[in-house]
Amino acid sequence: MRYGFIGCGNMGSAIARAVCRGAGAENVTLANRTPAKAEALAKELGCAAADNNTVAADCDVIFLGVKPQMMAGMLAGIAPVLAKRGGKFLLVSMAAGLSMARVREMAGGEYPIIRIMPNTPAALGAGMIQYCSDGVDDGRMFAFLGAMAPAGRLDAIPENLMDAASCVSGCGPAWTYQFIEALADGGVAAGLPRAKAQEYAAQMVLGSARMVLESGRHPGELKDAVCSPGGSTIQGVRVLEERAFRGAVTDAVLAAFDKTKEMGKG
């Protein structure tokens with residue numbers, strides 16, 4: 001199978017890197033509004049670069065990696081090419097807020113489609129990718145999941161949960177980077193060199209995430225295990241509670257969710 005990408009931004013390039021590992025770079029073609037960007041990434045990954053119409057005409061799996069507000073215009077441009085193929089391909093949308101039905105409407109046909117919600121750590125094989133599908137046979141789904149496996153964890157969920165999922169694992173890296181930066185700033189304020197503080201903070205987040213995933217224990221239980229009576233950690237927890245840390249994070253997810261719903265109405 002040939003895999004094509006229309007759009008090589010941060011998310012598109014992250015997934016392209018994973019698919020090159022999972023399906024072989026020789027089977028991947030990249031296209032982008034700025035051709036030089038696709039050509040540079042293709043050179044780095046060892047795959048091909050082309051234009052949108054070539055990807056639409058030649059690829060079995062077509063990843064739509066453009067921003068939601070650009071999707072209609074891009075699909076209008078390749079719709080005649082897709083129509084000539086009569087559905088002998090698979091569309092994969094990663095646009096936040098756009099339902100499968102809406103993407104099909106823009107593309108001009110009831111084509112087989114998968115909707116994915118990836119995140120940028122997929123570029124390192126540590127992504128969290130939710131997906132749902134319609135009209136995809138078992139064989140093509142099996143091949144798709146195999147090609148995507150190097151991206152990280154994949155989880156099938158109903159489409160009505162996709163927007164919420166994207167606001168946790170899709171938006172979450174940005175907030176996690178803010179947290180890591182803030183931890184490092186605290187370390188620097190306490191006397192650590194910047195590079196050391198950043199390394200310690202990042203490794204701590206990585207290890208803590210593994211503890212949650214691999215132990216199966218509730219995060220609150222794991223938090224309690226770090227908080228010794230009368231110790232320093234519980235004092236830090238107290239300050240975070242006073243500053244509404246958990247409430248602020250919850251509100252960030254809900255703000256992102258509201259914006260995602262708004263984008264889906266466009």
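Residues numbered from 1 in each chain as written. Predicted model: local features only at pLDDT ≥ 70, side-chain atom pairs only at ≥ 80, totals over all residues. Heavy atoms only, no water.

Undergrad: Before we move on, can you summarise the pattern of salt bridges with the specific residues and values?
TA: Going through the model one piece at a time under the given rule, you end up with 15 salt bridges. For Arg-246, the salt bridge identified is with Glu-241, shortest N-O distance 3.0 Å. For Arg-246, a relative accessible area of 57% gives the class exposed. In this structure Glu-241 comes out as partly exposed when scored by relative accessible area, which is 41%. When the shortest N-O distance is used, the salt bridge between Glu-262 and Lys-259 registers 3.5 Å. Residue Glu-262 and its partner Lys-259 are both found in helix H12 (residues 245-264); the two are separated by three residues, about one turn of the helix. For Lys-259, a relative accessible area of 44% gives the class partly exposed. Salt bridges sharing partners connect three or more residues here, namely Arg-115, Glu-159, Asp-163 and Lys-261. (Salt bridge = Lys/Arg side-chain N within 4 Å of Asp/Glu carboxyl O. Buried < 20%, exposed > 50% of the residue type's maximum accessible area, 1.4 Å probe, protein only. Helix = DSSP H or I, 4+ residues; strand = E, 2+ residues; numbered from the N terminus.)

Undergrad: Account for the packing of aromatic side chains, with residues named and values stated.
TA: Where two aromatic rings form a pair, the distance of their centres and the angle of their planes describe that pair. One pass over the full model with this rule turns up four aromatic pairs. Geometrically, the ring pair formed by Phe-5 and Phe-63 is stacked, given 4.3 Å between the ring centres and 5° between the ring planes. A residue pair is termed long-range when its members are at least 10 positions apart, and Phe-5 in strand S1 (residues 3-6) and Phe-63 in strand S4 (residues 61-64) qualify at 58 residues. Assessed through its relative accessible area of 1%, Phe-5 is described here as buried. Site record: aromatic cluster; members linked through ring pairs are Phe-5, Phe-63 and Phe-144. (Phe/Tyr/Trp six-rings, centres within 6.5 Å; stacked < 30°, edge-to-face > 60°.)

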